[in-house]
Amino acid sequence: MQKVLRKRVFRSLKKHFVRYAMLGMMIALGIFLVVTIVGSAETLIRGTEDMAKETNLEDGEFEVFVPLTKSEKDHIAGMGIELEEQFFFDQQMEKESDGTVRIFKVRKNINRLHMIEGAEPLKEDEIAIEKRYAEEHDIHTGDGFVIAGTEYKVSGITVVSDYDGPFKEVSDTSCNSKLFGPVFITEEAYNEFRESGKIQKSEDYLYTYKLGGGKTDRDLKDYLKELKIDASEVDDELFAEYWDRTGGVEDKLRDAVKDLREATDEVADAIDELSDNNEDINEASGKILDSYLEATSSTINGYGMDIELTEDNFESELDKLADSIDNAVLKASLTDVKEQLCDLKDYKDGLKEYTDAVDELKDGTAEMSDGVEELDTSVNDALEEFDFELSNLTTFLKASDNQRIFATKNDKIVDVEVGMIAGVIVFILLAYVISVFVVHSIESESSIIGTLYSMGVTKNDLLMHYISLPVVVTFISGLIGVLVASTGIMAPMIAESSYQYFSIAQFKFTIPEYLWIYSLVCPPVMAIIVNVLVISSKLNRTALSLIRNEVKQKGNNKFRLKGMNFITTFRIRQMLREMRSTIAVVLGMFLSLMVFMIGVDCYVLCNNIAKDYAADTKFEYMYTLKYPEKEAPSDAEAAYAYGCKKEIYGFNFDVTILGIDDDNPFFNVKPGKSKTDVIISSAMAEKYGLKVGDEFVVTDDEKEVKYAFSVKEITRYSSGFYIFMDIEVMRDMMGEAKDYYNVLFTDKAINIDPGRLYSTTSRADVVKGSEVFTTLMMPMIYTLSGSSAVIFCVVLYLMMKVMIDRSSQNISLIKVFGYRRGEIRKLYLDGNFYIIAIGALIVLPLSKKLMDLMFPKMISNVACGMNVETPVIFYVIAFLVIITLYFVINTILVKRLDKFTPAEILKNRE
Amino acid sequence: MYVEVSNVKKSYGEGGSYVEVLKGVSVGVERGEMCVIQGTSGSGKSTLLNCIGGLDDIDSGSCKVDGLEIAGLKKDKLSDYRRDTLGFIFQFYNLVPNLTVRENIEVCRYLTKDPLDMDELLDTLGLKEHADKFPSQLSGGQQQRTAIARALIKNPKLLLCDEPTGALDSKTSRDILILLEKINEKYGTTMLIVTHNNSIKNMVHRVIFLKDGEIAKQYTNEKRVPARELEDL
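Residues numbered from 1 in each chain as written. Chains lettered and ligands numbered in written order. Predicted model: local features only at pLDDT ≥ 70, side-chain atom pairs only at ≥ 80, totals over all residues.

Visitor: For the interface of chain A and chain B, give the residues involved together with the corresponding values.
Guide: Interfaces are often sized by the amount of accessible area the parts lose when they come together. Opposite the 25 residues of chain A that make contact, chain B presents 26 residues. Only helix H18 (566-577), helix H23 (808-816) and helix H27 (904-907) of chain A provide two or more residues apiece to the side of chain A that touches chain B. In terms of residues, the side of chain A that touches chain B owes the most to one element, H18 of chain A, which gives 5 residues. Its residues placed into classes, the side of chain A that touches chain B shows 12 nonpolar, 5 polar and 8 charged. (Contact = placed C-beta atoms within 7 Å. Helix = DSSP H or I, 4+ residues; strand = E, 2+ residues; numbered from the N terminus. Nonpolar A, V, L, I, M, F, W, Y, C, P; charged D, E, K, R; others polar.)

Structure below.
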């Protein structure tokens, strides 16, 4: 029996060739697109991973103020960690449009060069140029290349894994290979260049490392942080000035306290000495007065008057004596004596007051001396709390935190996620389409199945029979899809934008094993599952029921439709009858729109990023400072930026706490004085799903602490994950000086010594960086949009065709009655317009909403906000496109109506 | 003659599978007549009906209805002919399963500007209480009556019936035949009835016997037996 049934399979294929060809084409197309998108991404991901292994990619890198000593390097080697010096100079090219080149020595072991063409430089006058910079400046092997007057010959074009994404600074938002590129010269040439005096900026002492000996990045970092240096060793004037102002204040403070203490001690000694004579002075002045009083008394007694003058009575006694005598000469003498005695008394009292004051001074000086001693102790205690020793380590960057490394891979992970999800969506849709076909086949062959049943053919035989064709078709389609994809016919188009942005070698398009399995197994397995489920229920009817092809009116078709005209009634009945196909059409529209919405969200996100970045970035320049001057320039707004991390979906992103003044004109925020209630940027709110009132935590890896905040307000700011705080509150929170800042925002370029800068970000950079997203995503957006339109058309065509085929008997019947083509179209096809129109009105926003919910997960590795707000006009256009496609397909299918002849009704029965 | 078929030939297939179904058939039916076409399986009776109904082309000959030559008419004209002139009744009713009785009748009512009164027709055919039922909820006789109502709603001049009682029991068959007879009398509808049933020939005006694609015999009933009196249905 199986043999006979097998023959029917081929006949069935022949009979429904168009149907299966379309289905097969759609599966092949779906597989082709998934394999091409995912395969291209995997090619780049695996290619860069292989290249990383081949060139011995670093595990991380760090920079120091002064090169490590031999013993320090030996210690690190002893930890089992391999180090390689990869010092460099940044050199601004003579022509401004040529940007800056970063001059490295040719690497020996870590991050080795992978030559795209030519060879590594071997001679002193040879240079290897990084691929993207070479492309942007049309540089080829053999060309001359001049840096600061020294002419080199280009020995080859290279890529290096640590500049996969050739960002100038790791904090840059985008790469610009027109203005930056690494170059490589021999060690001798490098040393000669260094000694030539042509260097514009101090050498950067960068070390790369490969972990070993069971040590971790943290172990190495902990060791490096402990390496202290004398600030005077650092050969950077700007650093020295900065250090004097910050870390160098310790010595000044200690010296000042010491001076104060010494001075206080000297004063105390002097006062001591002074107070020692107080008693003698008082005694001597008393004796002088007493001797004068005694001498005056004896003189008066010599005149026969018994008077004894004392300090207390000499004035009154002398006045009385003068009053009692008439001799004018004697009277005048007595008055003179009295005045002299008064002067002496005043002198004595004055000396007493002086000595009393000296005593008080002595007591005060003793107190002052105690106070200065306390000050000295307190200052010493306070300074012990701070580490004023200078760590040699300036930056430490694990490979996983370095956006230059695996930049391509991180970008392409999105494509893998998107491609696989789009594939699953398409397969779900195809599964449903197949089920519609199968149901149609079984219904149209009901009497045959019933007859076979009655002849003893088992359900399993029939099941095998009915699933064999879909399984074969889906398998072959999958095979065709993956084989066509394996030719790499469309891969260059998909990967082109990556090759034009990232600095990577040209990889041969290859399909990973799992995609072969996915392509060859998924479609037939899906066909088996769907068919078994659908056919089983259909084959559960009795043989007689099948032979009679009993048509039961399903509950949902038993509506009484009154008060409508015939055409409307008929269309509604037809829609209800073809509910399965109707659902397939709407589901097809929904799922193809889901695929489309992936593209839309990518596009809208990129577009919104470009638009919002431009709108939200109010500053023209942002200068991130390594060594800020004491006073911020008057034409700049000072701010304090501090980098933390926050995790979402397994990815850890940089979050910047930005301390600003309330009146900062570049940000529309008034942070207030709270340390916990903060304003966050809209990008951060979108990415982390934060709302006002939510609490969240960011991690400070450097200090190994966490900061908890509460969202007070969300401000429109798209270009970065920011937490806005009041700068004074932030300085206090982070233990910085009251005038500390490390970022300057300006509305025009200002003159800052390049040596002070970590990086400069211009508004133009930000906007250009945002546009890069669009450029990178466009191929995928086009592919997804195009394929979703194809999927929609094919599903709509197939399902409308199935609807027509299922109604072939009735169409023949009404032709018998004299219906014309236009009338039949009105009854059987035009009703679908309402399904499509109403379906589109529901499905368009629904698919968008759903995709908006799924999208953040799909691009979880991308550090940007999630503004996927779509203009209304877009929905209007999408709706019109759907309706247009419907009318095109409707027009094509009208011709099919002619295939059903009126005589058909006389041969068959419903 | 209202229906005038002259020397109609019709064949199917090619080479070894070539079959000449009608071999120069000529018949005529007057307006208002009920005519039965009888014959064994493969005699060509259904093919003849299809040719008259414009459902099938003829190879040669002439087929006129009310003076209109059917042979060679283009599709649109054939559609017009069918919608303006014909009504069809089939052995297996061919009702649209997802339409109610009323809606099935509406299918043909839609095609004419001057239809019969729907309620009166439903009443006449005993379908009033079943008007909102679906075919699957009706008996075979009720379904066939619905099919008749559908054919009659546009008041056709010529009613083509292909085994109208073929799927019905004896009592129901009689009811249907009585109905057809009544319609013929009431509306003067010309009827061509293809049937295996030998008794039906007694109730009609004209009887045509086909054998192997040729007219074996044709005659006019001098004395018709009313449908209700027919035996061995």
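Visitor: Got a sec to walk through unusual backbone geometry? Specific residues and values, please.
Guide: In this model, Asn56 of chain A sits at a positive phi of 60°, which is unusual for a non-glycine residue. Among the structural elements, Asn56 of chain A can be located in the loop between helix H2 (17-54) and strand S1 (60-64). Even without being a glycine, Asn7 of chain B presents a positive backbone phi close to 50°. With respect to the secondary-structure elements, Asn7 of chain B resides in strand S1 (residues 3-12).

Visitor: Break down the nonpolar core for me, with residues and values.
Guide: Membership of the largest hydrophobic core comes to 281 residues, with the highest contact counts inside it found for Val433 and Val795 of chain A together with Leu192 of chain B. It is helix H19 (residues 579-616) of chain A that contributes the most residues to this core, 19 residues altogether. Discounting residues that sit within four places of it in the chain, Val433 of chain A has contacts with Leu23, Ala584, Val795 and Leu798 of chain A. Residues Phe314, Leu318, Leu334 and Val337 of chain A belong to the second largest nonpolar core, which totals 5 residues. (Core = buried A, V, L, I, M, F, W, Y, C linked by C-beta atoms within 7 Å. Buried ≥ 20, exposed ≤ 12 C-beta atoms within 10 Å, placed from the backbone.)

Visitor: So what's going on with the pairing of strand S20 (residues 722-726) of chain A? Which residues, and what values?
Guide: All names here are of chain A. Here S20 lies mainly inside the structure; 5 of its 5 residues are buried. What you see with S20 is no split at all: Tyr722, Phe724 and Asp726 on one side and Ile723 and Met725 on the other are buried throughout. Note that strand S16 (residues 651-660) and S20 share 5 bridges and pair parallel. Considered in S20, the bridge of Leu658 is made with Phe724. With 2 bridges joining them, strand S17 (residues 677-681) and S20 adopt antiparallel strand pairing. The residue of S20 that forms the bridge with Ile680 is Ile723. (Pairing = 2+ DSSP bridges.)

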